[in-house]
Amino acid sequence: MTSDVFATGHYASGLREKLKRGIELGPKYYLFDVPRYWRQRRQRGLPALDLGALWNPVRSLRHETYTSQPVPPRYEEALRALYDAGVRFDNPPARTAALVAMWWATRITPGDAIECGAYRGATSLLLAVLGKLHDVPQRVLMLDTFAGMPAPSKFDSSRRPGEFTPPPDWPTTIQQQAEALGVADRIEIHRGLFSDTFPAIAAHTPTFSFAHIDANIYQGTLDACVRTLPLMAKGGAVVFDDYNGLMDLGARLAIDEYLRDHHLPAPSPLAECSAYLRM
Ligand SMILES: C[S@@+](CC[C@H](N)C(=O)[O-])C[C@H]1O[C@@H](n2cnc3c(N)ncnc32)[C@H](O)[C@@H]1O
């Protein structure tokens, strides 16, 4: 069953869990997080009243996709191969399928794919496997501390330092999984803070056709935008996993600041809490 490849530890999957999560997080979100976020937006020179943020709890808890692009042929086959190699997804099926469909829509745009916030690596490995199955001439760059979330800032309301800590030496595990999948030559693992690992990447003057920005917190999201978006090819796409997240208003603030400063439009909803921007 390809559904077994999706682990459910990091999101509410069933109705009961969603209700529980809504009751736990909803009042805090509306009474404390949103008012504080609006104040912070004003301090950062953004229009304070971001009414879109009021929909985040609904978007986060509904398994809805807001675009209708097809997933690539052989998608199920790729999921089965990942399952057999021991890979498990931490993002849910609908969000993963929508992301992959967006990647597929950029397949003729020249450039590599990059994931800022790769965690256990499932999403990047999926893109690498699909790239191989369809002869897409592309590497997938995987960036993370691989040691858990760095310390959140005053702009982050619900994330903890060390959250998303994988088992020790996880990059070696990813490398072994990539070898089992026959995509070791299609991935690059960059371990450390984005601000520390990116200079070596930038030295090779890469171009990206697809970027997945999934850092959850303000600073990591801003660093990822600053370093990745200027390298995006025309026709490429950026997926922001957390833009409409119930726990990630710091990431939304960082994205809005970056887009305002670079005269780019607001991202459009993609699936659940994710949003995208075509370049
Ligand atoms: C939700 S997880 C990513 C999930 C992954 N994209 C997936 O599809 O399964 C967020 C990750 O962002 C990473 N992160 C956040 N800020 C970072 C930074 N400044 N530098 C490196 N990694 C960072 C955390 O370590 C964490 O693993």
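Residues numbered from 1 in each chain as written. Predicted model: local features only at pLDDT ≥ 70, side-chain atom pairs only at ≥ 80, totals over all residues.

(A) Structural view of the packing of helix α4 (residues 93–105) against helix α5 (residues 122–133). The contact between α4 and α5 brings their axes to 11 Å, and the two run at 40°. Relative to α5, the element α4 lies oblique. For α4 against α5, the interelement crossing comes out right-handed. On α5, the residues that touch Thr96, Leu99, Val100 and Trp103 of α4 are Thr123, Leu126, Leu127 and Leu130. Looking at the contact of α4 with α5 residue by residue, the class counts come to 6 nonpolar, 2 polar and no charged. (Axes fitted to C-alpha atoms, helices over the stretch in contact; angles between N-to-C directions. Helix = DSSP H or I, 4+ residues; strand = E, 2+ residues; numbered from the N terminus. Parallel < 35°, antiparallel > 145°, perpendicular 65-115°, else oblique. Left-handed = near helix turned anticlockwise from the far one by under 90°. Contact = placed C-beta atoms within 7 Å. Nonpolar A, V, L, I, M, F, W, Y, C, P; charged D, E, K, R; others polar.)

(B) Representation of the site of the ligand within the structure. Lining the immediate environment of the ligand, one finds 24 residues, of which Gly117, Tyr119, Thr123, Asp214 and Gly220 sit closest. Looking at the shell around the ligand, the elements with two or more residues in it are α5, β2 (140–144) and α8 (218–228). By residue number, the principal contributor to the shell around the ligand is α8, which donates 3 residues. In terms of residue class, the shell around the ligand is built from 11 nonpolar, 8 polar and 5 charged. (Near = placed C-beta within 6 Å.)

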